[in-house]
Amino acid sequence: MKESYREGVGTSVAEKQHITIKGVKDGLIFLLDDTCDFSVLLDELQFKLEKSHQQLLTGPIVHVQVKLGTRQVNEEEKERIKAAIRNQGNLLVQSIDSEARLEPKAEDGNNLKVLTGIIRSGQTLEHDGNLLLMGDLNPGGSLLCTGDIFVLGALRGLAHAGCKGKEDSIIAASLLRPTQLRICEVISRPPDEWMTGDAMMEFAYLSEGVMKIDKLTQLHRLRKLPAVFRA
Amino acid sequence: MGEAIVITSGKGGVGKTTTSANIGTALALLGKKVCMVDTDIGLRNLDVVMGLENRIIYDLIDVAEGRCRLNQALVKDKRFEELYMLPAAQTKDKTDISPEQVRDMVLELKKEFDYVIIDCPAGIEQGFRNAVAGADRAIVVTTPENAAVRDADRVIGLLEQTQIPARLVINRIRANMVRNGEMLDIDEICQVLAIDLLGIVPDDEKVIRSANAGEPTVMDPSSRAAIAYRNIARRMLGDMVPLMPLEEKAGVMKRFRKFLGIG
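Definitions and limits used
For every chain, the first residue of its written sequence is number 1, and the numbers climb from 1 along that sequence. Ligands are numbered from 1 and chains lettered from A, in the order in which they are written. Restriction of local features to residues with pLDDT of at least 70 applies here, the model being predicted, together with a cutoff of 80 or more for giving and counting side-chain atom pairs; totals for whole chains, interfaces and linings are based on all residues. Water and hydrogen atoms were dropped before computing side-chain values, which therefore reflect all heavy atoms in the structure. The helix and strand labels rest on DSSP assignments: H or I over at least four residues marks a helix, E over at least two residues marks a strand, and numbering proceeds from the N terminus. Here the term buried applies to any residue with accessible area under 20% of the maximum for its type, exposed to any over 50%, and partly exposed to those in between, with areas from a 1.4 Å probe on protein chains only. Throughout, a contact is declared for two residues whenever any of their heavy atoms are within 4.5 Å. Method for areas: the Shrake-Rupley scheme with a 1.4 Å probe, in which residue coverage is limited to the protein chains shown. Accessible area that two parts lose when put together, evaluated with a 1.4 Å probe and summed over both, is termed the buried area. Each reported salt bridge corresponds to a side-chain nitrogen of Lys or Arg within 4 Å of a carboxyl oxygen of Asp or Glu. Identification of polar contacts relies on pairs of N or O atoms within 3.5 Å, with a donor-acceptor requirement for protein atoms, meaning one able to donate a hydrogen and the other able to accept it, and with residues adjacent in sequence counted only if both atoms are side-chain atoms. In this classification, Asp, Glu, Lys and Arg are treated as charged, Ala, Val, Leu, Ile, Met, Phe, Trp, Tyr, Cys and Pro as nonpolar, and every other residue, Gly included, as polar. Two aromatic rings, drawn from Phe, Tyr or Trp (for Trp, its six-membered ring), form a pair once their centres lie within 6.5 Å of each other, and the interplanar angle then sorts them: stacked below 30 degrees, edge-to-face above 60, tilted otherwise. Throughout this description, the term charge over a ring refers to an Arg CZ or Lys NZ atom that lies within 6 Å of the ring centre and within 35 degrees of the ring normal. UniProt positions are given in the numbering used here, feature names are shortened, and annotations may be inferred rather than shown by experiment. Simply put, an axis is a line fit to the C-alpha atoms, just over the touching stretch for a helix, and the angle between two N-to-C directions goes from 0 to 180 degrees. Note on angle classes: values under 35 degrees are labelled roughly parallel, values over 145 roughly antiparallel, values of 65 to 115 roughly perpendicular, and the remainder oblique. Working rule for handedness: look at the near helix, and if it is turned counterclockwise from the far one by less than a right angle, call the crossing left-handed; if clockwise, right-handed. Grouping buried Ala, Val, Leu, Ile, Met, Phe, Trp, Tyr and Cys residues that are joined through side-chain atoms within 4.5 Å yields what is termed a nonpolar core. Note: two strands are recorded as paired if DSSP finds a minimum of 2 bridges between them.

Asks: Looking at this structure, how should I read the overall build of chain A?
Replies: Helix and strand content of chain A: 4 helices and 15 strands. In chain A, buried positions account for 42% of the 231 residues. For chain A, the proportion of contacts with a sequence separation of at least 24, taken over those separated by at least 6, is 35%. Within the structure as shown, chain A displays about 13300 Å² of accessible surface, and the carbon and sulfur contribution to it stands at 53%.

As structure tokens, then:
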């Protein structure tokens, strides 16, 4: 997508173009690059409007939609873009949009945070990404993660994995004896709903919107790209 | 310079005051100079358990508000020369004193005594913060009940935040219930709370009887709870004392009757 923004404007090879102007049925769309510096963008906008694209600026009123890509701007910056365009009598800014920034994908093993300690009753740990806790999570304590939760110890409290909606999150523990488990929006209450007798490493996952428990050795079946090791 | 030890639990009714009174008395029994401080303002009990209620003239709040000097408020024990108690006020509230004031008092007491035992009120609010303010170490009391263990865990978390090292006393253990799996056992509790175990105290009717009589249980060596408290005090002084067995050794007659099936 980003690449296509730059195409078509390539009048000069030496100077990178950051602004693409497209004509559509009901006006113009300004596609602004989202990787360059904001001041560069503003200078170029001014230059384009005043110097190189004079032909746009004559004639009836034209509606302009500004698309910022994934760049996030504040009100003041928005106003400066608007002002630059509005200065040319016949252009009317209709909207300034930016796409939501894509969350950096939390892949397995990537951005895994390792913590040592005990989460006791009344204590809460929140983490963005995957978390490995070396220690126990006690009853009354809670652990919230946007990604996976691994507990190298006893999980006796409340664990919530994928708390921002990552449905393939899992919760694994050396000893899985939680008061409550949550993955995304699904809540499960052992031992009312499930209970395992043997003290094996287990993990909880979502399968078609239902929480399931399995032995940790089965995890590779769930993950799309399990590692294969050479003999 | 002595050491200040706060006795706390989170939950009420697990035996903080009883433990304070008994540990304080046991340390005095071992020849230490001890002062017990009751910080449960508004619900003072330590004086009743110690049987010193009628000797109180001034209290903690009187000291804080400058109505008397600290050593004027100290109540000397009737059994030991070097055992004192600083009673709490019964008419005031926990918010009538600040953690800083308690800390200053404890600091002052530490100069004079080997051990300052601080009896903490139940809960984790102002009263708890007051009690913990001057403490160097903590003894967390719990009973083998889920609710008590949960609250003990919460309190240990709070103590860790203030970097006060804590040790555990498990109170009111009933051997027969543990044996039948009806009560949490010691290992389970220690696994969850993950702090050093200072001692275990068996449930004993004599504790209630002696508390009502205003006589700390430790004074009666025929009581198993008394031995447990004495062991705790010795461990606090650094002695290696093994945990007492939960089951009482059955006497010859008892074993014989059991053998016949009528015990």
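Back to the text.
Asks: Sorry if this is basic, but what is going on with the interface of chain A and chain B here?
Replies: Accessible area lost on assembly of the parts is the figure often given for the size of an interface. At the junction of the two partners, chain A supplies 10 residues and chain B supplies 12 residues. Taken together, both faces of the contact between chain A and chain B bury some 890 Å²; the carbon and sulfur share is 41%. The interface formed by chain A and chain B contains 2 salt bridges. The interface formed by chain A and chain B includes 6 residue pairs in polar contact (both at pLDDT 80 or more). By residue class, the composition of the side of chain A that touches chain B is 2 nonpolar, 5 polar and 3 charged.

Asks: I'm lost on the packing of aromatic side chains in this one. Help?
Replies: Geometrically, a pair of aromatic rings is defined through the distance of the ring centres and the angle of the planes. Residues and elements named next belong to chain B. Counted by the stated rule, this structure contains 2 aromatic pairs over all chains. Between Y84 and F113 the ring centres are 5.6 Å apart and the planes differ by 65°, which places this aromatic pair in the edge-to-face class. One end of the pair, Y84, is in strand β4 (residues 83-86); the other, F113, is in the loop between α5 (99-112) and β5 (115-119), with 29 residues separating them in the sequence. Lying over the aromatic face of F113, K33 brings its terminal NZ or CZ to 5.1 Å of the ring centre.

Asks: Would you take a moment to explain the UniProt feature "domain: CobQ/CobB/MinD/ParA nucleotide binding" (unreviewed entry) in chain B for this structure?
Replies: Following the UniProt record, the feature "domain: CobQ/CobB/MinD/ParA nucleotide binding" (unreviewed entry) maps to residues 5-216 of chain B here. A helix fraction of 41% and a strand fraction of 19% characterise residues 5-216 of chain B, whose end C-alpha atoms lie 19 Å from each other.

Asks: What is the right way to look at the packing of α5(B) against helix α6 (residues 126-133) of chain B in this model?
Replies: When two helices pack together, their arrangement is given by the angle between the helix axes and by the axis-to-axis distance. All names here are of chain B. In contact at an axis separation of 7 Å, α5 and α6 are set at 30° when each is read in the N-to-C sense. In terms of orientation, α5 lies roughly parallel with respect to α6. Between α5 and α6 lies a crossing of right-handed hand. Two secondary-structure elements touch here, α5 through P99, V102 and R103 and α6 through Q126, R129, N130 and A133. Taken together, the residues that form the contact of α5 with α6 break down as 3 nonpolar, 2 polar and 2 charged.

Asks: Even after reading the chapter, I still don't get the nonpolar core, so can you show me in this structure?
Replies: A general trend in soluble globular proteins is that nonpolar side chains are found buried together. All names here are of chain B. Ranked by size, the top nonpolar core spans 51 residues in total, and within it L86, L109, I118 and L159 carry the most contacts. In terms of residue count, helix α7 (residues 146-161) provides more of this core than any other element does, 6 residues in total. Discounting residues that sit within four places of it in the chain, L159 has contacts with T8, F128, V132, A138, V140, I164 and A166. Core analysis: the second largest hydrophobic core is formed by 37 residues, A21, L27, L52 and L83 among them.

Asks: Is there a simple way to think about the sheet that holds strand β8 (residues 196-202) of chain B in this case?
Replies: Within a sheet, neighbouring strands are paired by backbone hydrogen bonds and run either parallel or antiparallel to one another. Residues and elements named next belong to chain B. Ordered in space as β3-β4-β2-β5-β1-β6-β7-β8, the 8 strands form an open sheet in which the pairing is mixed. Of all the strands in the sheet, just β3 (75-76) and β8 have a single pairing partner and so form its edges. As paired strands, strand β7 (residues 166-173) and β8 are joined by 5 bridges and run parallel to one another. Paired with I170 across the strands is I200, a residue of β8. Running at roughly 165° to strand β6 (residues 137-142), α7 makes contact with β1 (3-8), β6 and β7 of the sheet.

Asks: Even after reading the chapter, I still don't get the pattern of salt bridges, so can you show me in this structure?
Replies: Any two side chains of opposite charge can pair, on the condition that their charged atoms come close. Tallying each qualifying case throughout the model produces 19 salt bridges over all chains. Between B:E160 and A:R120 there is a salt bridge, with its nearest N and O atoms 3.1 Å apart. Residue B:E160 is located in helix α7, and its partner A:R120 is located in the loop between β5 (112-116) and β6 (124-127); the two belong to separate chains. Note on B:E160: relative accessible area 39%, which makes it partly exposed. Judged by its relative accessible area of 0%, A:R120 falls in the buried class. One network of salt bridges, with partners in common, ties together B:D62, B:E65, B:R67 and B:K92.

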